[in-house]
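Observations on the model geometry
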Amino acid sequence: MVKRLVLVLGDQLSAGLSALGAADKAHDLIVMAEVADEASYVPHHPKKIALVLSAMRHFAAELERDGWQVAYTRLDDPDSSGSIVGELIRRAEAYGTGKVIATMPGEWRLIQALENAPLSVTLLPDDRFIATPGEFDAWAEGRKELRMEWFYRMMRRKTGLLMEGDTPAGGKWNFDHDNRKPAAPDLFRAAPLRFAPDAVTQEVLDLVGARFGGNFGALLPFHYGVTRADALAALDHFARHLLAGFGDTQDAMLESDPFLNHSLLSPYLNLGLLRPLEICRRVEAEWQAGRVPINAAEGYIRQIIGWREYMRGIYLREGPDYTARNALGHERALPAMFWGGETRMNCISHAVAQTRDEAYAHHIQRLMVTGNFALLAGVDPGALHEWYLAVYIDAFEWVEAPNTIGMSQFADGGIIASKPYVSSGNYIDRMSDYCAGCAYKVKDKTGESACPFNLLYWDFLIRHRDRFARNPRMGPIYRTWERMDEGRRAALLEGAARVLGRLERGEVV
Ligand code: FAD
Ligand code: DLZ
Ligand code: SF4
């Protein structure tokens, strides 16, 4: 006799999940379901689907070994209803109970589906985060600006991470000044830890290959870890071999090294296989033991207790319509180059090829290459949001949408970013080795050979002059424009119109 159904979603693979904590092994039934709706709300990268499904299957097996009863729906189950709520209803009918316990889903789409389900659903808080939504709201309430740095300091105090009493370790809250260096290829830099697929993963890979082989992205080779043990091994590998250089190379981009010193822990964190605090405690311990410098430890911890928690706070606070925001009124269709179409721009070509092969690009590739280009070209932020949600291994709406809509595209009107993240080609040239192999010349500001970023940068600023000219951080840029001679200004805008015209007509840029 089953008392209640306990829903465990594909990104809730944590032994300490609140729904499991509230459940009773002897009488409750765990429901896990691979369903068509979740596999297709955007055309996910095949590696991402494989990761989620294989991690779900491994987690279900662990629950069973631990004594839980699990009703597990496979994607190819002919009786499947195709949706999470449909599967709950099907199990409710089969087991004679409409009572469901679930941990709050990460995204509005599923929160709303569960709230409206014809079942008696109890939603429990997702306590796998450091800040509760209430804490975030209390912090945000009445503030004119929701700057991440102030939230981050609150999280440092709350966790005690890198704190000496009430003061930050090393005398500063933020060591970014020591980061942001370009990088050179380094044969001794460790590669991320790779995992060979086991039989369970192999079965999933066959299924995903057959069903989703047409989606953008290479399914094979597949090297992601799929269990908590794998995720812990990946954390250990990062802490031992890569963390020390994390700060120095954080913003750098190299053709020959897509990963540099990045951790690649986001998929494991977002699926629930790792907890944010355990990662940060390990990072802190490496610093305390003198094995990594403070700029690396602080920089890394800030990404997790700062940016990651802040993004979730914004997503929940801003509500379900956040993904539809379009403060700058951008309407352009997403250029084909984002799906691997031909382009002469080496930086975009490289970032997209890497995304296709690895389902991964690091933060600066997402923000300052693809994001920067889309913003300068006036791409519809909703279309871009769906692209980021589809193509990255770690993409879940609660973290992807604030990064895309807010940080990258300024489509929320400046809730997250105090000014748009735009740059000319200079920034990409300084931080990468992309420009040397490009058909365009980054030093050329006008003319056919000019880097499109150089042209679109000014066009963007002029198109949105009314909004940004009064921004104190952008005033100097507009003054540079005023000082340019008329002929140069006309050549820049004509060049931008030429690039935009080509995009409009679907021609190669
Ligand atoms: P590292 O560089 O090793 O950083 C460590 C950890 O910090 C990451 O694992 C991640 O958990 C966290 N982190 C770092 N930056 C951010 C950030 N801006 N927001 C939230 N967490 C952060 N991250 C996602 O997890 N999922 C997404 O769907 C996602 N979409 C993004 C879309 C855009 C347009 C941009 C600009 C950024 C996006 N990010 C997203 C943030 C960031 O790019 C990734 O977290 C990071 O690249 C993951 O790789 P990593 O684990 O090697 O990160
Ligand atoms: C991303 C994903 C995919 C591809 N498939 C499933 C699935 O079949 N079953 C499931 O429970 N979850 C899946 N997920 C993760 C969900 O989409 C995720 O739980 C929601 O986006 C909420 O964050
Ligand atoms: Fe990208 Fe411009 Fe450099 Fe080419 S020249 S790689 S388009 S920044």
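What you see is a predicted model; the values in this text were computed from it and never measured. (Residues numbered from 1 in each chain as written. Chains lettered and ligands numbered in written order. Predicted model: local features only at pLDDT ≥ 70, side-chain atom pairs only at ≥ 80, totals over all residues. Heavy atoms only, no water.)

1. A short note on the site of ligand 3
Every residue lining ligand 3 is accounted for by Met345, Cys347, Gly425, Ile428, Tyr434, Cys435, Cys438, Tyr440, Val442, Cys451 and Phe453. In terms of residue class, the shell around ligand 3 is made up of 10 nonpolar, 1 polar and no charged. (Near = heavy atom within 4 Å. Nonpolar A, V, L, I, M, F, W, Y, C, P; charged D, E, K, R; others polar.)

2. What about the packing of helix H15 (residues 363-377) against helix H17 (residues 397-408)?
At a minimum axis distance of 11 Å, the contact between H15 and H17 shows a crossing angle of 55 degrees. Here H17 runs oblique to H15, going by the angle between their axes. H15 and H17 meet at a crossing whose hand is right-handed. Note on element contacts: H17 touches H15 through Asn403, Met407 and Ser408, opposite His363, Leu367, Gly371 and Leu375. (Axes fitted to C-alpha atoms, helices over the stretch in contact; angles between N-to-C directions. Helix = DSSP H or I, 4+ residues; strand = E, 2+ residues; numbered from the N terminus. Parallel < 35°, antiparallel > 145°, perpendicular 65-115°, else oblique. Left-handed = near helix turned anticlockwise from the far one by under 90°. Contact = heavy atoms within 4.5 Å.)

3. A few points about the pattern of salt bridges
Counting across every chain of the model gives 40 salt bridges. Between Arg109 and Glu38 there is a salt bridge, with its nearest N and O atoms 2.7 Å apart. With Arg109 in helix H5 (residues 108-115) and Glu38 in helix H2 (residues 36-40), this pair connects stretches of sequence that are 71 residues apart. The salt bridge partner of Asp176 is Arg302, with a shortest N-O separation of 3.3 Å. Here Asp176, found in the loop between strand E7 (167-168) and helix H8 (199-212), pairs with Arg302, found in helix H13 (residues 294-318); they are 126 residues apart in sequence, far enough to count as distant. One salt-bridge network, in which partners are shared between bridges, spans Asp236, Arg240, Arg282, Glu286 and Arg291. (Salt bridge = Lys/Arg side-chain N within 4 Å of Asp/Glu carboxyl O.)

4. A word on the pairing of strand E5 (residues 120-124)
Bridge count between strand E4 (residues 99-103) and E5: 5 bridges; the pairing is parallel. The partner of Ala102 across the bridge, within E5, is Leu123. Between E4 and its parallel partner E5, the chain crosses via H5, and the hand of that crossover is right-handed. (Pairing = 2+ DSSP bridges. Right-handed = clockwise from strand over helix to strand, strands pointing away.)

5. Comments concerning the domain arrangement of the protein chain
As assigned here, the protein chain comprises domain 1 (5-124), domain 2 (133-192 + 242-317) and domain 3 (336-504). On the domain 3 side, the residues contacting the 27 residues of domain 2 number 30 residues. Taken over both partners, the interface formed by domain 2 and domain 3 buries close to 2,600 Å², and the fraction arising from carbon and sulfur atoms is 66%. At the boundary of domain 2 with domain 3, the tally comes to 0 salt bridges. Counting across the domain 2 and domain 3 interface gives 11 residue pairs in polar contact (both at pLDDT 80 or more). Elements with a contribution of two residues or more to the side of domain 2 that touches domain 3: helix H11 (266-271) and H13. With 7 residues, the top contributor of residues to the side of domain 2 that touches domain 3 is H13. By residue class, the composition of the side of domain 2 that touches domain 3 is 16 nonpolar, 4 polar and 7 charged. (Domains from an automatic or database assignment. Buried area = accessible area lost by both parts, 1.4 Å probe. Polar contact = N/O pair within 3.5 Å; in protein donor to acceptor, adjacent residues only side chain to side chain.)

6. So, the nonpolar core
Ranked by internal contacts, the top residues of the largest apolar core, which has 157 residues, are Met32, Tyr310 and Phe373. Ranked by residues supplied to this core, first place goes to H13 with 11 residues. Apart from residues no more than four positions distant in its own chain, Tyr310 is found in contact with Phe136, Trp139, Leu146, Arg147, Met148, Phe151, Ile415 and Ile416. Judged by nonpolar contacts, the second largest core, of 19 residues, contains Val2, Leu29, Ala92 and Leu110. (Core = buried A, V, L, I, M, F, W, Y, C linked by side-chain atoms within 4.5 Å. Buried < 20%, exposed > 50% of the residue type's maximum accessible area, 1.4 Å probe, protein only.)

7. Side note on the site of ligand 2
Surveying the vicinity of ligand 2 reveals 19 residues, the closest of which are Asp11, Ala33, Val35, Glu38 and Glu107. Here a nitrogen atom of ligand 2 and a backbone polar atom of Ala33 are 2.7 Å apart. With respect to ligand 2, the side chain of Tyr41 contributes an N or O atom lying 3.2 Å from an oxygen atom. Compared with its free state, where it exposes 490 Å², ligand 2 has 100% of that area covered by protein. Contributing elements (two or more residues each) for the shell around ligand 2: H2, helix H3 (46-65) and H5. For the shell around ligand 2, the element with the highest residue contribution is H3, accounting for 3 residues. Across the shell around ligand 2, the residue classes break down as 11 nonpolar, 3 polar and 5 charged. (Areas by Shrake-Rupley, 256 points an atom, 1.4 Å probe, with all protein chains shown as cover.)

8. Brief notes about the side chain of Gln12
Summarising the element assignment, Gln12 is placed in the loop between strand E1 (5-7) and helix H1 (18-21). Looking at Gln12, its side chain comes within polar contact range of the main-chain oxygen of Thr103, at 3.0 Å. Among the polar contacts listed, one links the side chain of Gln12 to the backbone oxygen of Met104, at a separation of 3.5 Å. Aside from chain neighbours lying at most four places away, what touches Gln12 is Leu7, Leu17, Phe59, Thr103, Met104, Pro105, Arg128 and Leu271.

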